[in-house]
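# Results of the structural survey
Each chain, written out:
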Amino acid sequence: MKEKRKFSYYNFDRLYSFAAFIMVVVGARGLGKTFGAKRKCITRALKTGEQFIYLRRHKTDMKKARATFFDDIASFYPDWDFRVMGDEAQAAPIATRDDKKRAWQIIGHFAVLSVAQSIKSVSFERVTTIIFDEFIIERGHVQYLQGEVTTLLNFYNTVDRGQDKTRLLMLANSVTIMNPYFHEWNVSPSHGEWQLKNDGALIVNFAKSDAYEAEVLATRFGKFIAGTEYAQYAAGNTFLDNNDNLLRKKPASASYLFTLETKGGTYSIWHTYGNGEYFAQAKRPKVEDLCVMDSARQREGATLLQFSDWQLKVLRASFKRANLYFDTPKARNAMVEVFDRK
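All figures in this text were calculated on a predicted structure; none of them were measured in a lab. (Residues numbered from 1 in each chain as written. Predicted model: local features only at pLDDT ≥ 70, side-chain atom pairs only at ≥ 80, totals over all residues. Heavy atoms only, no water.)

## Section: the pattern of salt bridges
- Inspection of every chain in the model, using the stated rule, returns 11 salt bridges.
- Across the salt bridge formed by R248 and E277, the nearest N and O atoms sit 3.0 Å from each other. Of this pair, R248 sits in the loop between α8 (229–234) and β10 (255–262) while E277 sits in strand β12 (residues 277–281); the two residues are 29 residues apart in sequence, bridging distant segments of the chain.
- On the basis of relative accessible area, R248 is assigned to the partly exposed category, the value being 35%.
- Relative accessible area serves as the criterion here: at 12%, E277 is assigned to the buried category.
- Among the salt bridges present, the one from R299 reaches E261, with a minimum N-O distance of 2.7 Å. Pair noted here: R299 is in the loop between β13 (290–292) and β14 (302–304) and E261 is in strand β10, with a separation of 38 residues, a long-range link. (Salt bridge = Lys/Arg side-chain N within 4 Å of Asp/Glu carboxyl O. Helix = DSSP H or I, 4+ residues; strand = E, 2+ residues; numbered from the N terminus. Buried < 20%, exposed > 50% of the residue type's maximum accessible area, 1.4 Å probe, protein only.)

## Some points on the sheet that holds strand β1 (residues 22–27)
- Across the sheet, nine strands lie side by side as β3-β4-β5-β2-β6-β7-β1-β9-β8; this open sheet has mixed pairing. Sheet topology places β3 (80–85) and β8 (194–197) at the edges, where each strand pairs with a single neighbour. This sheet shows a mean twist of 20° between the axes of neighbouring strands, independent of strand direction.
- With six bridges joining them, β3 and strand β4 (residues 88–93) adopt antiparallel strand pairing. If you follow D81 over to β4, its bridge partner there is A92. (Pairing = 2+ DSSP bridges. Axes fitted to C-alpha atoms, helices over the stretch in contact; angles between N-to-C directions.)

## Section: the side chain of D133
- Here D133 is to be found in strand β6 (residues 127–133).
- Although D133 is buried, it forms no salt bridge, and the closest oppositely charged side chain is R56 at an N-O distance of 4.3 Å.
- A distance of 2.7 Å separates a polar atom in the side chain of D133 from a polar atom in the side chain of Y54. (Lys, Arg positive; Asp, Glu negative; His and termini not counted. Polar contact = N/O pair within 3.5 Å; in protein donor to acceptor, adjacent residues only side chain to side chain.)

Laid out in structure tokens, this is it:
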């Protein structure tokens, strides 16, 4: 059998050197983020008795992940046997295989964010790490939960119960910068490879590994995709929607029209007469006409728009003609989400 090729994988040491309780790692597919997180948590559980939670968004995401959780990592612990029993990850020393009643130790738990409300009464006193895997959704896949950031923080609070004992480790591939977490916490790859935010409560690492990228591109598959946009996504740490298309600051001559609140942020809309160009900008005027698209966000001083109202018709038409410009990729991607609404 051909010897398995070895790659340079992500090292968690620097990430854990920060005191942040929310730790975010975003990087190339296959960089070993999930494997490294599992190994760190399992090793700690066997050594100290601390437990972890492996968290996914939906039950369908969890089904296969739970069934294969130990497949790639069990061989690194030759003195232990592992098994999954329901929503528990368990371990027992190999030396106890012949015992009539084998004592299996709970080292971790499996949880699903979409039904997290149902486990409010469960005690996770020994849990010190939550691994939220694939927190950024692949395009065309399932949807984010309604109010997902709040749901995740509620789940964290249920587990930690104000003890400051738990760290939330969030892992994802470099899929899209348009996601609720980057928006809520003001995270962007343009802010740097390492970002410490919220008085040190949040640490973000946009993991870049030149060694890993070179190793992947040296494979037959890597050579096949070399020079393509997909190569940067698959082997590097490049977000497909983090480009300069339709990016331009509004000119001083532009006239203010209204301000639109979207799920991805709130942006002022401007128009230049003559050439008919439109601009969506994060900077907002002191006096504005605020418009919202979600009835749940309707409030005093705001206008609730229907999909057929002129404000949205104008934006859709100008975007279709590539005549709508944005100050950041984040603004552009937020608007695309609005235009795709059915």
